[in-house]
Amino acid sequence: MEFIAPYPTKKSMKKAWEEGWESLFNVLDFINMENFDTSVNIRNRSHTITEAINRQLAHYTSHFGQIILLGKMIRGKEWVSLSIPKDGSETFNKKMFERKE
């Protein structure tokens, strides 16, 4: 729905964001050894709890990618990489392999 009827304010978007995370953590807190083998339906398809969690993680990852892409587009050349900067893999790997553990 966020693409059909966008949030009218940043505050309402943040409220929905927090409610979504609260819902997730409430469900995760409910899982225990007694109900771990329970299957759950998502869009009329049965999933184990592990499958449902993996599905949700993949879904969140796609949204995080969207947010990062928007940030890069908005910041342009001012964007600071969240990981290894573009064209920086060789330098990063050299530094990592020189480390003594």
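Anyway, here's the lowdown on the structure attached to this text. Predicted, not measured: the structure shown is a model, and the values here were computed from it.

About the thresholds
- Along each chain, the written sequence defines residue order, and numbers are assigned to residues from 1.
- The predicted origin of the model limits local features to residues at a pLDDT of at least 70 and limits the giving and counting of side-chain atom pairs to 80 or more, whereas totals for whole chains, interfaces and linings rest on all residues.
- Based on all heavy atoms of the structure, the side-chain values leave hydrogens and waters out of the count.
- Each helix is a run of H or I in the DSSP string that is no shorter than four residues. Each strand is a run of E no shorter than two, and both are numbered from the N terminus.
- Here the radius of gyration uses the C-alpha set of atoms, whereas the globule reference equals 2.2 Å times the residue count to the power 0.38.
- Two residues form a contact once any of their heavy atoms are found within 4.5 Å.
- Using the Shrake-Rupley algorithm and a 1.4 Å probe, accessible areas are obtained, with residue cover drawn only from the displayed protein chains.
- Charge counting treats Lys and Arg as positive and Asp and Glu as negative, with His and both chain ends excluded.
- Charge positions are represented by NZ for Lys, CZ for Arg, CG for Asp and CD for Glu.
- Relative accessibility thresholds used throughout: buried, under 20% of the residue-type maximum; exposed, over 50%; partly exposed, between the two (1.4 Å probe, protein chains only).
- To count toward a patch, a residue needs a relative accessible area over 30% and no salt bridge; like charges are then connected within 9 Å, while nonpolar side chains (Val, Leu, Ile, Met, Phe, Trp, Tyr) are connected within 5 Å.
- Every case where a carboxyl oxygen of Asp or Glu lies within 4 Å of a side-chain nitrogen of Lys or Arg is listed as a salt bridge.
- Note on definitions: angles span 0 to 180 degrees between N-to-C directions of axes, and those axes are lines fitted to C-alpha atoms, for helices only across the stretch in contact.
- Angular relationships are summarised with four words: roughly parallel below 35 degrees, roughly antiparallel beyond 145, roughly perpendicular across 65 to 115, and oblique for the angles in between.
- Should the near helix be turned anticlockwise from the far one by less than a right angle, the crossing is left-handed, and should it be turned clockwise, the crossing is right-handed.
- Each residue gets one of three labels, nonpolar for Ala, Val, Leu, Ile, Met, Phe, Trp, Tyr, Cys and Pro, charged for Asp, Glu, Lys and Arg, and polar for the others, Gly among them.
- For this analysis, a polar contact is any N or O atom pair within 3.5 Å, provided that within protein one partner can donate a hydrogen and the other can accept it, and provided that sequence-adjacent residues contribute only side-chain to side-chain pairs.

**With respect to the overall build of the protein**
Argument step 1. On a plain count of helices and strands, the protein comes out with three helices and two strands.
Argument step 2. Secondary structure elements in the protein, listed N-terminal to C-terminal, are α-β-β-α-α.
Argument step 3. Scaling as 2.2 N^0.38, a compact globule of 101 residues should have a C-alpha radius of gyration of about 13 Å, whereas the protein reaches 20 Å, well beyond that.
Argument step 4. Counting only C-alpha atoms, the protein reaches 50 × 45 × 20 Å along its principal axes.
Argument step 5. Put simply, 26% of the contacts in the protein that link residues at least 6 apart link residues at least 24 apart.
Argument step 6. Accessible surface, the protein: about 9,600 Å² in total, of which carbon and sulfur atoms supply 60%.
Argument step 7. A gap of 10 Å separates the mean positions of the 15 positive and 13 negative side-chain charges of the protein.

**Details of unusual backbone geometry**
In terms of backbone geometry, most residues other than glycine have negative phi values and most peptide bonds are trans.
Argument step 1. We note that Arg-43 has phi near 50 degrees; this positive angle belongs to a residue other than glycine.
Argument step 2. Along the polypeptide, Arg-43 turns up in the loop between strand E1 (40-42) and strand E2 (45-47).
Argument step 3. Despite not being glycine, Asn-44 shows a phi value in the positive range, around 65 degrees.
Argument step 4. Its place among the elements puts Asn-44 in the loop between E1 and E2.
Argument step 5. Asn-44 sits in the exposed class, given a relative accessible area of 76%.

**As for a nonpolar patch on the surface**
Argument step 1. Together, Trp-17, Phe-64, Ile-67, Ile-68 and Leu-82 make up an exposed nonpolar region whose accessible area comes to about 490 Å².
Argument step 2. Per-element accounting of the nonpolar patch gives the leading share, three residues, to helix H2 (residues 49-75).
Argument step 3. The class of Ile-68 is partly exposed, set by a relative accessible area of 32%.

**Here we look at the packing of helix H1 (residues 10-30) against H2**
Argument step 1. Direction vectors running N to C along H1 and H2 enclose 160 degrees, while the axes themselves pass 13 Å from each other. Taken as axis vectors, H1 and H2 run roughly antiparallel relative to one another. Handedness of the H1/H2 crossing: left-handed. Taken together, the residues of H2 that come into contact with H1 (itself represented by Trp-17, Trp-21, Leu-24 and Leu-28) are Ile-53, Tyr-60, Phe-64 and Ile-67.
Argument step 2. Class assignment of the residues belonging to the contact of H1 with H2 gives a composition of eight nonpolar, no polar and no charged.

**Some details on the side chain of Asn-35**
Argument step 1. Structurally, Asn-35 can be placed in the loop between H1 and E1.
Argument step 2. The class of Asn-35 is buried, set by a relative accessible area of 14%.
Argument step 3. Among the polar contacts made by the side chain of Asn-35, one reaches the main-chain carbonyl oxygen of Phe-30 at a distance of 3.0 Å.

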